[in-house]
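Take a look at the letters that make up each chain.
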Amino acid sequence: GIFGGHLRSQVRCENCQFNSNTYDAFLDISLEIKKTASIDGAFQNFTKKEVLDGPNKYKCSNCGVKSRATKQFTVHRAPLILSIH
């Protein structure tokens, strides 16, 4: 549709380098704007890599090890019109 897109959530295991991808449809994106001066900056923060470590370690579906990992959202398929709130 015109307003629909797909986000990709990718988790990369630092033990075996396996990428686990999940895709979710979206109609809008919620951006945190309190800590940035622009929508571009807020979108960069939304797609910034997050480290999963300590109590948040990732149990890899490929190697089975609970290890440090990175998680990142990206727009896999952009909508024709993006609604931001």
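Residues numbered from 1 in each chain as written. Predicted model: local features only at pLDDT ≥ 70, side-chain atom pairs only at ≥ 80, totals over all residues. Heavy atoms only, no water.

Asks: Can you tell me about the packing of aromatic side chains, naming the residues and giving the values?
Replies: Tallied over the entire structure, the rule returns two aromatic pairs. With 5.6 Å between their ring centres and 15° between their planes, Phe-46 and Phe-73 make a pair best called stacked. Linking Phe-46 in helix H1 (residues 39-46) with Phe-73 in strand S7 (residues 69-77), this pair joins segments that are 27 residues apart in sequence. Here Phe-46 falls in the partly exposed class, since its relative accessible area comes to 21%. Following the ring pairs from residue to residue traces out a cluster consisting of Phe-43, Phe-46 and Phe-73. (Phe/Tyr/Trp six-rings, centres within 6.5 Å; stacked < 30°, edge-to-face > 60°. Helix = DSSP H or I, 4+ residues; strand = E, 2+ residues; numbered from the N terminus. Buried < 20%, exposed > 50% of the residue type's maximum accessible area, 1.4 Å probe, protein only.)

Asks: Which residues make up a nonpolar patch on the surface, and what values do they have?
Replies: On the surface, a nonpolar cluster with roughly 540 Å² of combined accessible area is contributed by Ile-2, Phe-3, Leu-27, Leu-80 and Ile-81. Within the secondary structure, Leu-80 is located in the loop between S7 and strand S8 (83-84). (Patch = residues over 30% accessible without salt bridge, like charges linked within 9 Å, V, L, I, M, F, W, Y side chains within 5 Å. Areas by Shrake-Rupley, 256 points an atom, 1.4 Å probe, with all protein chains shown as cover. Salt bridge = Lys/Arg side-chain N within 4 Å of Asp/Glu carboxyl O.)

Asks: Quick rundown of the sheet that holds S7? Include the residues and the values.
Replies: Spatially, four strands are ordered S2-S1-S7-S4 in an open sheet, and the strand pairing comes out antiparallel. At either end of the open sheet lies a strand with only one pairing partner, and these are strand S2 (19-26) and strand S4 (50-52). Taking each pair of neighbouring strands and ignoring which way they run, the sheet shows an average axis angle of 30°. Bridge count between strand S1 (residues 5-13) and S2: eight bridges; the pairing is antiparallel. Looking across to S2, one finds that Arg-8 is bridged to Tyr-23. (Pairing = 2+ DSSP bridges. Axes fitted to C-alpha atoms, helices over the stretch in contact; angles between N-to-C directions.)

Asks: So, the nonpolar core: which residues are in play, and what are the values?
Replies: Counting six residues, the largest nonpolar core is built from Val-11, Cys-13, Leu-52, Tyr-58, Cys-60 and Ala-69. In this view, Val-11 contacts Phe-18, Asn-19, Ser-20, Leu-52, Tyr-58, Ala-69, Thr-70 and Lys-71; residues no more than four positions away in its chain are not counted. With five residues, the next largest nonpolar core counts Leu-7, Phe-26, Ile-29 and Leu-31 among its residues. (Core = buried A, V, L, I, M, F, W, Y, C linked by side-chain atoms within 4.5 Å. Contact = heavy atoms within 4.5 Å.)

Asks: Tell me about the pattern of salt bridges, and name the residues and values.
Replies: This model, assessed by the stated rule, comprises two salt bridges. Here Glu-14 makes a salt bridge to Arg-68, at a shortest N to O gap of 3.1 Å. Of this pair, Glu-14 sits in the loop between S1 and S2 while Arg-68 sits in the loop between strand S6 (66-67) and S7, placing them 54 residues apart in sequence. Residue classification places Glu-14 among the partly exposed residues on the basis of a relative accessible area of 36%. Among the salt bridges present, the one from Arg-68 reaches Asp-53, with a minimum N-O distance of 3.0 Å. One end of the pair, Arg-68, is in the loop between S6 and S7; the other, Asp-53, is in the loop between S4 and strand S5 (58-59), with 15 residues separating them in the sequence. Judged by relative accessible area, Asp-53 falls into the partly exposed class, the value being 32%.

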